[in-house]
Amino acid sequence: MKALHARQRAREAALPRGGPANDHGPQPRSLLRFITCGSVDDGKSTLIGRILFETGAVFDDQLGALQRDSRKFGTQGEKVDFALLVDGLSAEREQGITIDVAYRYFSTDQRSFIVADTPGHEQYTRNMATGASTADLAIILIDARLGLLKQTLRHSFIVSLVGVRQVVVAVNKMDLVGYDQAVFERICAEYRHAVAGLGFTHITFIPISARDGDNVTSRSPAMDWYRGSPLLAQLEIIEIEAISGVHTGALLPVQWVNRPDSSFRGYSGNLAVGHLKTGDEIAVLPSGRTSRIARVLTPGGEAGCASAGQAVTITLEDEIDVSRGDLIVGATQRPAVRRSLNARLLWTSETPLAPGGRYLLKLASSQANAVVSALHHSIDVSSFAEISAATLAMNDIGSVTIELDRAIATLPFAASTELGGFILIDRINHETVAFGFITEDAPLSAGSTHRPGFAAGILRGVRRAIGPAGSVMRAGRMALMSGHLLASLSLAGIAYAATHSLTLALPIAVIDLLLRPLLLGASLIGGRAIWRSRQKRGALGAENALGDGI
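In this text, all values refer to a predicted model and were calculated from it rather than measured experimentally.

Trainee: Now, about the overall build of the protein: what can you tell me, with residues and values included?
Mentor: Each helix and strand in the protein was counted, giving 12 helices and 25 strands. Looking at the protein residue by residue over its 550 residues, the buried ones come to 45%. Within the protein, residue pairs in contact and separated by at least 24 positions form 69% of the contacts whose partners lie at least 6 positions apart. Counting only carbon and sulfur atoms, one obtains 55% of the accessible surface of the protein, whose full area is about 27,700 Å².

Trainee: Any chance you could break down the nonpolar core for me, citing the residues and the numbers?
Mentor: One finds F34, L47, I139, V159 and Y191 to be the most contacted residues of the largest nonpolar core, which totals 63 residues. The element that contributes the greatest number of residues to this core is strand β6 (residues 137–143), accounting for six residues. Leaving out residues up to four positions away in the same chain, L47 has contacts with I139, L141, I208, A210, V216 and L231. Core analysis: the next-biggest nonpolar cluster, separate from the first, contains 32 residues, A283, A370, I408 and L411 among them.

Trainee: Describe the pairing of strand β25 (residues 432–438), listing the residues and the values that go with them.
Mentor: It is a general feature of regular strands that their side chains alternate between the two faces of the sheet. Counting buried positions along β25 gives six out of seven residues, so the element sits mostly inside the fold. Bridging between strand β19 (residues 336–347) and β25 involves five bridges; their strand directions are antiparallel. Each residue of the ladder has a partner; that of L345, found in β25, is G436. With five bridges joining them, strand β24 (residues 421–426) and β25 adopt antiparallel strand pairing. What sits directly across from I423, in β25, is F435.

Trainee: An account of the environment of K173 is needed here, citing residue identities and associated values.
Mentor: Mapped onto the fold, K173 is located in the loop between β7 (166–172) and α7 (181–194). Look at K173 and you get buried, because its relative accessible area is 17%. C-alpha of K173 to C-alpha of P207: the two residues are 34 residues apart in sequence and 8.4 Å apart in space.

Trainee: Go over the side chain of S268 with me, naming the residues and quoting the values.
Mentor: Mapped onto the elements of the fold, S268 is located in strand β11 (residues 264–270). For S268, a relative accessible area of 8% puts it in the buried group. A polar contact of 2.7 Å, which involves the side chain of S268, links it to the side chain of T313.

Trainee: So what's going on with the sheet that holds strand β5 (residues 111–117)? Residues and values would help.
Mentor: Read across the sheet, six strands follow the order β4-β5-β3-β6-β7-β8 without closing on themselves; strand pairing throughout is mixed. Among the strands making up the open sheet, the edge pair consists of β4 (102–107) and β8 (202–207). Each strand axis lies, on average, 25 degrees off the axis of its neighbour in the sheet, ignoring direction. Pairing geometry for β4 and β5, over six bridges, is antiparallel. Across the sheet, S107 pairs through a bridge with S112, a residue of β5. Packed onto the sheet, helix α6 (residues 150–161) meets β3 (30–38) and β6 and runs at close to 175 degrees relative to β6.

Trainee: Outline the environment of G274, supporting the account with residue identities and numerical values.
Mentor: Counting through the fold element by element, G274 comes out in the loop between β11 and β12 (275–277). A relative accessible area of 14% means that G274 is categorised as buried. Taking the C-alpha atoms as reference points, G274 and L252, separated by 22 residues in sequence, lie 9.0 Å from one another.

Trainee: Please set out unusual backbone geometry residue by residue, giving values where relevant.
Mentor: One can expect most non-glycine residues to show negative phi and most peptide bonds to be in trans. Following L285, the chain continues into P286 via a peptide bond in cis, with omega recorded as 15 degrees. Within the secondary structure layout, P286 lies in the loop between β13 (281–285) and β14 (289–298). Backbone geometry at N215 places phi at a positive 60 degrees, although glycine is not the residue there. Tracing the backbone shows N215 in the loop between β8 and α8 (231–237). Located in the positive-phi region is N395, a residue other than glycine, with phi close to 75 degrees.

Trainee: Please provide a residue-by-residue account of α7, values included.
Mentor: The end-to-end C-alpha separation of α7 is 20 Å, in line with the 20 Å expected for 14 residues at 1.5 Å each. For α7, every residue scored as buried is listed here: V183, F184, I187, C188 and Y191. Down the axis of α7, the sector holding all buried residues measures 135 degrees, keeping them to one side. Between the side-chain oxygen of the N-cap and the backbone nitrogen of A182 there are 2.9 Å, and the N-cap of α7 in question is D180.

Trainee: Lay out a nonpolar patch on the surface with the relevant residues and their values.
Mentor: Residues I511, L515, L518 and L519 make up a contiguous nonpolar surface patch of about 410 Å² in total accessible area. Structurally, I511 can be placed in helix α12 (residues 502–549). For I511, a relative accessible area of 49% gives the class partly exposed.

Trainee: Describe the pairing of strand β17 (residues 311–316), with residues and values.
Mentor: Across the six residues of β17, five count as buried, placing the element largely inside the fold. Bridge count for β11 against β17 is four bridges, and the pairing is antiparallel. When the sheet's bridge partners are listed, N270 is paired in β17 with A311. When β14 meets β17, the two strands line up antiparallel, connected through four bridges. When the bridges of β17 are listed, L297 appears paired with T313.

How each quantity is defined
- Residues numbered from 1 in each chain as written.
- Predicted model: local features only at pLDDT ≥ 70, side-chain atom pairs only at ≥ 80, totals over all residues.
- Heavy atoms only, no water.
- Helix = DSSP H or I, 4+ residues; strand = E, 2+ residues; numbered from the N terminus.
- Buried < 20%, exposed > 50% of the residue type's maximum accessible area, 1.4 Å probe, protein only.
- Contact = heavy atoms within 4.5 Å.
- Areas by Shrake-Rupley, 256 points an atom, 1.4 Å probe, with all protein chains shown as cover.
- Core = buried A, V, L, I, M, F, W, Y, C linked by side-chain atoms within 4.5 Å.
- Pairing = 2+ DSSP bridges.
- Polar contact = N/O pair within 3.5 Å; in protein donor to acceptor, adjacent residues only side chain to side chain.
- Axes fitted to C-alpha atoms, helices over the stretch in contact; angles between N-to-C directions.
- Expected span 1.5 Å × (residues − 1).
- Arc of directions from axis to C-beta.
- Patch = residues over 30% accessible without salt bridge, like charges linked within 9 Å, V, L, I, M, F, W, Y side chains within 5 Å.
- Salt bridge = Lys/Arg side-chain N within 4 Å of Asp/Glu carboxyl O.

The structure is reproduced here in structure tokens:
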């Protein structure tokens, strides 16, 4: 332990006390957000703990506590268990696994970092997805002894789903396979082949031993066959690529209508994308009404303009209806307004999804009642192939169509994470049951000339008539229609038995099949009219009686 303290003090002394300096003083360092993921016991927490130690983010008192905790909870025998620097929950230390997402900050003279240590256990996949949602880069750890596992591939698919396009594959525990180059190269080839269709733009492979620090912050003499940079050096220099096709217009989800008195009405929120300035023409979605910006206010006071990431309040020149959940956008570049979404879902609830399920959808600051009207297929995380499915179980990924009770403004997730990502919430117990990612954009905005084709319109009408797939409504209506059809066929059989003429029996069946639902509908309408008339007469009688009493 003394050696650890000495090594740590030496590293702290060598660390710069600020960014690189020039004639104008220290310059701000760029920030990289990254996530560590992979299967259980692949060494994610150990890797982060080792990086924190090597970069001087662990001080003497923490090292003393780490030594005591390593003897009590550690899994490394007499060695220090660096995973305990990140795994803070008692359940995590007792079980030796990560359960919750742990965020840690550290910096070097080149860059600042925020790292999310996420759980590898399948039960906590939802926590992993939460950590991945804000990451610029993913470090995917693979145990050199075990190679690619199902959870490794599931995590790879999820990070691609949330828009991460650059990954570093850290093949860990190389010391346990004798630092064998052939093992490393085999895992690299298998991983490249497995994720070829996930859209990663850059994959870097590094052989490491997180426990011993090999190739973490400095090159390892035990793996002199590896010619690349150590892990930390890669993180310092990697350039994060913007997602292609990103929406460039201004997007301001309205979170609050600021109305302190009768003389002021402002619309507040975090500007998600683009710029807004005084005088800009804007549109309010989903209504489509337009106006111009009168004032732009920030926490620092009135400003002429605001940029993405700022909390802002704007006022408009015209008195138009704007509510929480609306979207203020540049008038010339509007997202689509739609009531039907095609999306991929990561199902996170222990209660499986059934088509026809009803949920609350939250996207940016808007929300709507939602029905999963169709489940098209699920994804086999071992091969990433599309397979037919009747439901989605916990941690399954599938493609669905969702119908909303009101129109909202959306974009594909590839174009905007703010307007393309949503969650589904159970309306009874308020559990978040799924993360959703919009996969395509069918323009249905105000003023659009696009209309569905005749066949598509007929199909949509039929779907609305019989109800959402898998719903109680559809089951009841299909049973009623089956009963009608059976009754009409029975009538045709009776007519044929009596007349021995198909030309007479078939028209009777068709006429009965058409007239039966019409007569049923007419009787329902008549019954409702009689009921309302009686309700009205009853209310009138009660009013007269009340008048007599007075």
